[in-house]
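What follows is each chain in one-letter form.
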2 protein chains.
Amino acid sequence: MKIIVDAFGGDNAPLEIIKGCAQAVEELDLDIMLTGSEQEIRRVAQANSISLNRIEIADTPDVITMEDAAGEIMKSKSNSSMALGLKKLAAGEGDAFLSAGNSGALVVGATFIVKRIKGIKRVAFAPVLPKNKGFFMLIDSGANIECKPEMLCQFGVMASIYVEKVMGVKNPRVALANVGTEDHKGGELQHQAFALLKQAPIHFIGNVEARDIPDDAADVIVADGFTGNSILKLYEGVAMVMMGKFKEIFQKSLKNKIAAAMVLPDMKELKRTMDYNEYGGAPLMGVAKPVFKAHGSAKAKTLKNALRLTKAYVEGNVVQEIADSLQAIRGVEQP
Amino acid sequence: MKIIVDAFGGDNAPLEIIKGCAQAVEELDLDIMLTGSEQEIRRVAQANSISLNRIEIADTPDVITMEDAAGEIMKSKSNSSMALGLKKLAAGEGDAFLSAGNSGALVVGATFIVKRIKGIKRVAFAPVLPKNKGFFMLIDSGANIECKPEMLCQFGVMASIYVEKVMGVKNPRVALANVGTEDHKGGELQHQAFALLKQAPIHFIGNVEARDIPDDAADVIVADGFTGNSILKLYEGVAMVMMGKFKEIFQKSLKNKIAAAMVLPDMKELKRTMDYNEYGGAPLMGVAKPVFKAHGSAKAKTLKNALRLTKAYVEGNVVQEIADSLQAIRGVEQP
């Protein structure tokens, strides 16, 4: 399997990207195609003694930055490392594409260069987040600020397939993020999405309140991109503040420091399981070929985790499964 | 000051409500008017040796339950303890009204019986939540699932006044909950609300991401009721799961149990500061007289805290301040 990787996406590019790719080649039995300035990639690899074994380079000098407007990937930045990677994927020169760069540009580029699965209205980010026991997939975490009910229904179907095929959860529970659990809760968007999800070929368990999401309410949480983005970021924010509060307690006195030392291994394990970065990033669902977004702040380890998930995305045959399931969803929309 | 209290609102009514009122009379120098079945109130007070000193009773046999549709407060439940309390407030027989009952019914009843402040488009719930240092006010936490930009602007102004007058924060920082910090982020609602908030007579600091809310991003967070409700409930959910995780660690082994005992007082203090119930509930902002919602699960202590906040709501002269400020907001809308 060959995964195309944007060598110049994210805060720590290209060094940490190249490092993560080299580790993935070793550990995950992958071939890599890096996109970006070949000269710079070779210079950084050499300066840091990173092997480029099984890593080829598709040369382009341009980079799309976090400050660039998303649409520029089709205009002034159509030769950026991200755009080139998407073109290589569309042309069949690799099995998947991974970038830690500008999320908005990735949505636009994937939509217009690689295209959507036929019948899919919008692509959506679907990060995997930790919960009380295990994890859940949140879809959409921010690709679509304004959504229509049909989009939410498709999000639920796509994430259900991913969670089943890639994460191995049998018959995943899909729920709609809402302001109450009763069927009639929410606004017009939720009412209509509820009706569509209920008829979709998935295990839809109804509405969930945000309070119950961290406590194993469902395996897939469906939301419009505004709500999903708020959930994703608040999740991280509250967890981080709580960890900080505990750290404060543990440093408060000598007695507390001794107590901290006694529970240190368990605290580290907790921090690891609550750490969003452990999950590497998020698949961009609905694209006609696997596209994966790594965290902008990804270092080598996170990038390698993202490559592991990208590999599973390909192996799970998720794109084909989604395409196959669309017949059933279309049946829902036009009975 | 006399506060009218719904004796039959919430999961623990009437016993915990009556108990909380009796404690508030003692500690807060208040007069109370309880609404509900006089016979039942007297029976419960006597059976539990609760003094009814400075507590009068407005007798009505009916109760609006959590299962009743909100609109029933104006129809079949127009003689419920909640409806009677609102009528007594509208008639000037008390200075404020407090209920731990059906939130939707309280919104409808307050709007149509007590009425809104002239010029205010919608009433909104504004709970106070803990953050890294101190607290912030979230408005709207769920009274209005679908909002217009003008509503969000008014929410910001109302909460700013409350936080300044009642909580003593000088020139409170007001921010709009959004998917990014840049001015242009969000959908149509956020774009327009941003423009209005920028011109309002408040210290508007722009957009905040949900990630930064727990970390002292602002003193007032403005959101539509759907987003606000998600923030409120996820906040609680993540904090509770994190506390549970720590508890698990502390019970895992004898060594960990010893460590737990060493930090126990500090852990209890943290649990208290992160406990949403400590804050007693939320003012319903925009009503022409002070109306306060206590948590549905309120026990005596929470109810007493809610009465303390209700008293401060009256003393802060918040309603008049909001009415006075509307001239300036209207200036924004019609320049």
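Details of the structure are given in the entry above.
My aim in this report is to walk through the structure given alongside it, one point at a time. (Residues numbered from 1 in each chain as written. Chains lettered and ligands numbered in written order. Predicted model: local features only at pLDDT ≥ 70, side-chain atom pairs only at ≥ 80, totals over all residues. Heavy atoms only, no water.)

With respect to the overall build of chain A
A tally of regular secondary structure across chain A gives ten helices and twelve strands. For chain A, the C-alpha radius of gyration of 21 Å lies close to 20 Å, the compact-globule estimate for 335 residues. If one aligns the C-alpha atoms of chain A with their principal axes, the spans along those axes are about 65 × 60 × 35 Å. For chain A, the residues scored as buried account for 60% of the 335 residues in total. Relative to all contacts within chain A whose residues are 6 or more apart in sequence, the contacts with residues 24 or more apart total 69%. When the accessible surface of chain A is split by element, carbon and sulfur atoms take 48% of a total near 13200 Å². (Helix = DSSP H or I, 4+ residues; strand = E, 2+ residues; numbered from the N terminus. Rg over C-alpha atoms; globule rule 2.2 N^0.38 Å. Buried < 20%, exposed > 50% of the residue type's maximum accessible area, 1.4 Å probe, protein only. Contact = heavy atoms within 4.5 Å. Areas by Shrake-Rupley, 256 points an atom, 1.4 Å probe, with all protein chains shown as cover.)

Notes on the packing of helix α8 (residues 254-274) of chain A against helix α8 (residues 254-274) of chain B
Relative orientation of the contacting elements α8(A) and α8(B) amounts to 135 degrees, with a least axis distance of 9 Å. When the interaxial angle is binned, α8(A) and α8(B) end up oblique. Between α8(A) and α8(B) lies a crossing whose hand is left-handed. Residues K255(A), N256(A), I258(A), A259(A), M262(A), V263(A) and D266(A) of α8(A) pack against K255(B), N256(B), I258(B), A259(B), M262(B), V263(B) and D266(B) of α8(B). Partitioning the contact of α8(A) with α8(B) into residue classes produces eight nonpolar, two polar and four charged. (Axes fitted to C-alpha atoms, helices over the stretch in contact; angles between N-to-C directions. Parallel < 35°, antiparallel > 145°, perpendicular 65-115°, else oblique. Left-handed = near helix turned anticlockwise from the far one by under 90°. Nonpolar A, V, L, I, M, F, W, Y, C, P; charged D, E, K, R; others polar.)

Some words on the packing of aromatic side chains
All names here are of chain A. Evaluated as defined, the whole model comprises eight aromatic pairs over all chains. Pairing F194 with F204 gives two aromatic rings, centres 5.3 Å apart and planes at 75 degrees, and the pair type is edge-to-face. Of this pair, F194 sits in helix α6 (residues 188-199) while F204 sits in strand β9 (residues 203-209), and the two are ten residues apart along the sequence. (Phe/Tyr/Trp six-rings, centres within 6.5 Å; stacked < 30°, edge-to-face > 60°.)

A few points about the sheet that holds strand β6 (residues 128-130) of chain B
Residue and element names in this part refer to chain B. In space, the five strands of this open sheet follow the order β6-β7-β10-β8-β9, with mixed pairing throughout. Of all the strands in the sheet, just β6 and β9 (203-209) have a single pairing partner and so form its edges. Strand-to-strand twist in this sheet, taken as the mean axis angle between neighbours without regard to direction, amounts to 35 degrees. Sheet topology places strand β8 (residues 173-178) next to β9; six bridges connect them, and they run parallel. Bridge pairing in β9 links N178 to E209. Against the sheet, helix α7 (residues 225-250) contacts β6, β7 (135-139) and β8, and its axis sits at roughly 140 degrees relative to β7. (Pairing = 2+ DSSP bridges.)

Here we look at the interface of chain A and chain B
Contacts between chain A and chain B engage 48 residues on the former and 48 residues on the latter. Summed over both partners, the interface of chain A with chain B buries about 4600 Å², with 73% contributed by carbon and sulfur atoms. Summed over the three residues of chain A that lose the most area to chain B, namely F226(A), L234(A) and M262(A), the buried surface amounts to 14% of that side. At the junction of chain A and chain B, the tally comes to six salt bridges. One salt bridge in this structure joins R211(B) and E236(A), with 3.0 Å as the shortest N-O distance. Here chain A is connected to chain B by 16 residue pairs in polar contact (both at pLDDT 80 or more). The set of elements that each furnish at least two residues to the side of chain A that touches chain B consists of β8 (173-178), α6, α7 (225-250) and α8 of chain A. Per element, the largest residue contribution to the side of chain A that touches chain B is 20 residues, and it comes from α7(A). Across the side of chain A that touches chain B, the residue classes break down as 25 nonpolar, ten polar and 13 charged. (Buried area = accessible area lost by both parts, 1.4 Å probe. Salt bridge = Lys/Arg side-chain N within 4 Å of Asp/Glu carboxyl O. Polar contact = N/O pair within 3.5 Å; in protein donor to acceptor, adjacent residues only side chain to side chain.)

Details of the sheet that holds strand β2 (residues 31-36) of chain A
To summarise the sheet geometry, strands pair through backbone hydrogen bonds and adopt either a parallel or an antiparallel arrangement. Residues and elements named next belong to chain A. The mixed open sheet is built from seven strands, whose spatial order is β3-β2-β1-β4-β12-β11-β5. Every other strand in the sheet has two partners, leaving β3 (55-59) and β5 (124-125) as the edge strands with one partner each. Looking at chain direction, strand β11 (residues 281-285) and strand β12 (residues 291-294) are connected through four bridges and run antiparallel. Following the sheet pairing, L284 is matched in β12 by V291. Most of the contacts of helix α1 (residues 15-28) go to β2, to which it runs at about 165 degrees, and overall it touches β1 (2-6), β2 and β3.

A short note on the pairing of strand β11 (residues 281-285) of chain B
All names here are of chain B. Among the five residues that make up β11, five are buried, leaving the element largely enclosed by the rest of the structure. Sheet topology note: the strand β5 (residues 124-125)/β11 ladder contains two bridges and is antiparallel. If you follow A124 over to β11, its bridge partner there is M285. Linking two consecutive strands that pair antiparallel, namely β11 and strand β12 (residues 291-294), is a turn of five residues; a positive phi of about 100 degrees is found at G286 within it.

Some details on the relation of the copies chain A and chain B
For the pair chain A and chain B, the relating rotation is 180 degrees, the translation along its axis is 0.0 Å, and the fit reaches an RMSD of 0.0 Å. One copy is carried onto the other by what is essentially a two-fold rotation axis. Judged by C-alpha distance, A259(A) is the residue of chain A that lies nearest the rotation axis, at 2.2 Å. (Least-squares fit on C-alpha atoms with pLDDT ≥ 70 in both.)

Observations concerning the pattern of salt bridges
All names here are of chain B. Taken as a whole and assessed by the stated rule, the structure comprises 36 salt bridges over all chains. Close ionic contact of K19 with E16 constitutes a salt bridge, the shortest N to O distance being 3.6 Å. Placement of both K19 and E16 in helix α1 (residues 15-28) is noted, with a separation of three residues, approximately one turn of the helix. Judged by relative accessible area, which is 31%, K19 ranks as partly exposed. For E16, a relative accessible area of 13% puts it in the buried group.

With respect to unusual backbone geometry
A cis amide bond, omega -5 degrees, links A13(A) with the succeeding residue P14(A). Tracing the backbone through its elements, the reader meets P14(A) in the loop between β1 and α1. A positive phi angle, close to 55 degrees, is found at D29(A), a residue other than glycine. Mapped onto the secondary structure, D29(A) falls in the loop between α1 and β2. The backbone phi angle of N317(B) is positive, close to 55 degrees, even though this residue is not glycine. Here N317(B) lies in the loop between α9 (300-315) and α10 (318-333).

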